[in-house]
Structures are given as C-alpha cells and as structure tokens.
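Inside the fold
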Amino acid sequence: MAEIEPGRIAYAACPLCGDAAILDLLEADCTQHLLYQAALPASIGWCRCHGCGHVFAEGYFNRAAEQLIFAATPPGQEPGEDVERQRGLWAEVVERVTAQLNTAPARAAAATGRWLDVGFGNGSLIFTAAEWGYQTLGIDLRAASVAKLQALGFDARACNISDLDEPGTFQVISLADVIEHMPFPRQPLEHAANLLAPQGLLFVSTPNMDTAVWKALDAQQANPYWGELEHYHCFSRTRLYALLEDCGFEALHYAVSPRYRCGMDVIARKR
Ligand SMILES: [Zn+2]
C-alpha cells in the first residue's frame with residue numbers, strides 16, 4: 001500500500017446539511033498548537049456553508065494525520081489529572097443533568113442509571129457521575145487513557161460511539177467538548193439517540209461562536225479556536241439546536257460553560 005502523507009481530506013459539501021456551496025471564511029496558523037507537528041499542514045482554512053451558515057474546517061484529518069495527533073495526549077487529558085478542581089467543575093453539570101432526568105415523567109421513580117461519556121479525556125466527568133450513583137462507561141480513542149481509567153476501577157473501552165451496540169440502555173450520554181472533533185457529527189448523534197433509553201438525556205458542550213466573547217477575541221486577533229488543530233466545527237447555539245432537532249433530540253437547557261472559553265453546555269432529551 002502506498003504511504004499516505006499526513007493531511008486533510010477536503011469536505012466536498014457541508015458536513016451538517018450537505019449543501020455543496022461552501023464559502024471561504026478565513027485561514028489561521030496552527031503551528032503554535034501543542035499537538036502540532038511539522039508533518040501536518042501549517043494552517044487551517046475555515047469555511048461557511050451557504051445553505052445553513054455552519055462554520056467548519058476545510059477538511060478533516062486522514063488516518064496518517066490522526067495517528068500523529070493521537071500519539072500524544074494533550075496536557076490535562078490524562079485520566080486522574082487535576083481531579084480535585086475538575087470534580088467541582090463537573091458537579092454542577094451532573095447536578096443539572098440529574099435534575100432534568102428527574103423531571104421526565106417516565107423517570108420519576110429512579111434517580112440515576114447508565115451514563116456513557118464519549119471521549120472521556122481526564123475522566124473527571126465519569127468520576128463525578130459515579131459519585132451521584134450512575135453506572136458509568138467511558139469510551140475514548142486514546143488506548144493509553146482507556147487502560148489508565150480501567151486501572152482506576154472504571155469501565156472503559158477504546159472505541160467510537162458508533163461501535164457500541166446496546167440500544168436503549170443509557171439514561172445519559174455526554175459529549176463534552178467532543179462534537180467539534182467529529183468529522184461528520186450527524187451520524188454519531190443519531191446513534192446516541194438510538195443508545196438512549198426513552199426520555200434519555202444528551203449532554204453536549206462545545207464552544208459557541210455566536211457570543212460577544214468570541215467577537216471580542218476576534219477583534220483582538222486572539223481567538224484561540226481558529227488555530228485549534230483538533231476542531232473541525234465552530235457551532236452557534238442556533239445551529240447546534242437545529243442539528244440536535246434533526247437527530248431526534250429536543251433541547252431542554254442551556255448554560256455557559258465555566259470550563260472553556262466561549263463554551264456552552266446544552267442538555268437535550270431524546271424525543
Ligand atoms: Zn450546511
């Protein structure tokens with residue numbers, strides 16, 4: 001097999017709505033990113049969909065580029081790292097989700113259940129959900145992180161959400177700062193709806209580009225997200241809600257994320 005150079009596979013159409021009319025938005029340097037390596041393209045071109053207005057990178061990484069990036073774990077993403085501060089940050093998320101879960105008519109009797117965390121990173125959301133009594137499962141593409149979480153006594157697997165075949169068995173699925181990393185988020189979201197029990201909840205956090213903070217960062221030419229090597233999407237709240245709706249969810253709750261700049265925390269219920 002011919003050696004393939006690490007690089008991006010260009011989107012032929014909008015990854016959310018499929019419209020082929022793609023407008024160039026801007027080009028950003030990504031050589032200052034912590035995971036940047038010289039074999040990768042030095043800049044990211046960002047585009048806007050003419051049809052739905054979604055903003056996305058010109059392409060997603062091929063296997064060779066993914067392998068380079070996944071070889072390293074970003075700082076703060078080792079399971080068990082910064083665990084004390086992270087506990088406090090995630091507690092409010094678990095509390096909000098649990099409150100929403102208990103308002104669902106079918107869930108009045110039981111407080112918790114199974115919680116799937118996709119892309120668990122440092123594992124803090126899992127540790128915190130376990131404190132509330134959830135039976136947790138963490139999945140991540142970094143095999144070393146999976147081994148580490150297992151060693152800490154938690155159920156973990158090295159796979160994609162699409163690899164899970166346990167329909168209707170989770171009360172909660174969390175995609176915490178994950179959706180912007182997925183080349184085509186629609187299919188994984190539809191699969192999440194399938195994995196959730198009736199009235200099950202989805203937690204999604206991602207940067208919100210439709211905020212005064214984002215515009216201020218742009219004005220200062222200090223917006224870190226344009227150079228974010230691992231991100232393929234910049235969502236607005238409106239575009240995210242429309243996508244969730246298309247994939248079988250009804251958005252219930254919106255909050256500002258204290259964990260990341262411009263971050264939004266959204267809770268949605270399976271319809
Ligand atoms: Zn579109």
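Throughout what follows, the structure given in this document is the object of discussion. (Residues numbered from 1 in each chain as written. Predicted model: local features only at pLDDT ≥ 70, side-chain atom pairs only at ≥ 80, totals over all residues.)

Further remarks concern the overall build of the chain. In terms of helices and strands, the chain carries seven helices and 13 strands. The C-alpha atoms of the chain give 18 Å as radius of gyration, which agrees with the globular expectation for 271 residues (18 Å, within 12%). For the chain, the spread of C-alpha atoms along the principal axes amounts to about 50 × 40 × 40 Å. Put simply, of all contacts in the chain between residues at least 6 apart along the chain, 70% involve residues at least 24 apart. (Helix = DSSP H or I, 4+ residues; strand = E, 2+ residues; numbered from the N terminus. Rg over C-alpha atoms; globule rule 2.2 N^0.38 Å. Contact = placed C-beta atoms within 7 Å.)

Another point: unusual backbone geometry. Excluding glycine, residues mostly have negative phi values, and the peptide bonds linking residues are mostly trans. The backbone phi angle of Gln-221 is positive, close to 50°, even though this residue is not glycine. Mapped onto the elements of the fold, Gln-221 is located in the loop between α6 (212-219) and β11 (233-234). Taking the number of C-beta atoms within 10 Å as the measure of exposure, Gln-221 has 7 and is therefore exposed. Here the phi dihedral of Cys-262 falls at roughly 65°; this positive angle occurs in a residue that is not glycine. Along the chain, the position of Cys-262 falls in the loop between β12 (249-256) and β13 (263-270). The buried category is assigned to Cys-262, around which 22 C-beta atoms lie within 10 Å. (Buried ≥ 20, exposed ≤ 12 C-beta atoms within 10 Å, placed from the backbone.)

With that settled, consider the sheet that holds strand β4 (residues 55-57). The four strands lie next to each other as β2-β3-β4-β11, forming an open sheet whose pairing is antiparallel. Either end of the sheet is taken by a strand with one partner, and the two such strands are β2 (22-29) and β11. Where β2 meets strand β3 (residues 43-49), seven bridges bridge the pair, whose relative direction is antiparallel. Within β3, the position partnered with Ala-28 by the bridge is Ile-44. (Pairing = 2+ DSSP bridges.)

None of this, on its own, says anything about what the molecule does.
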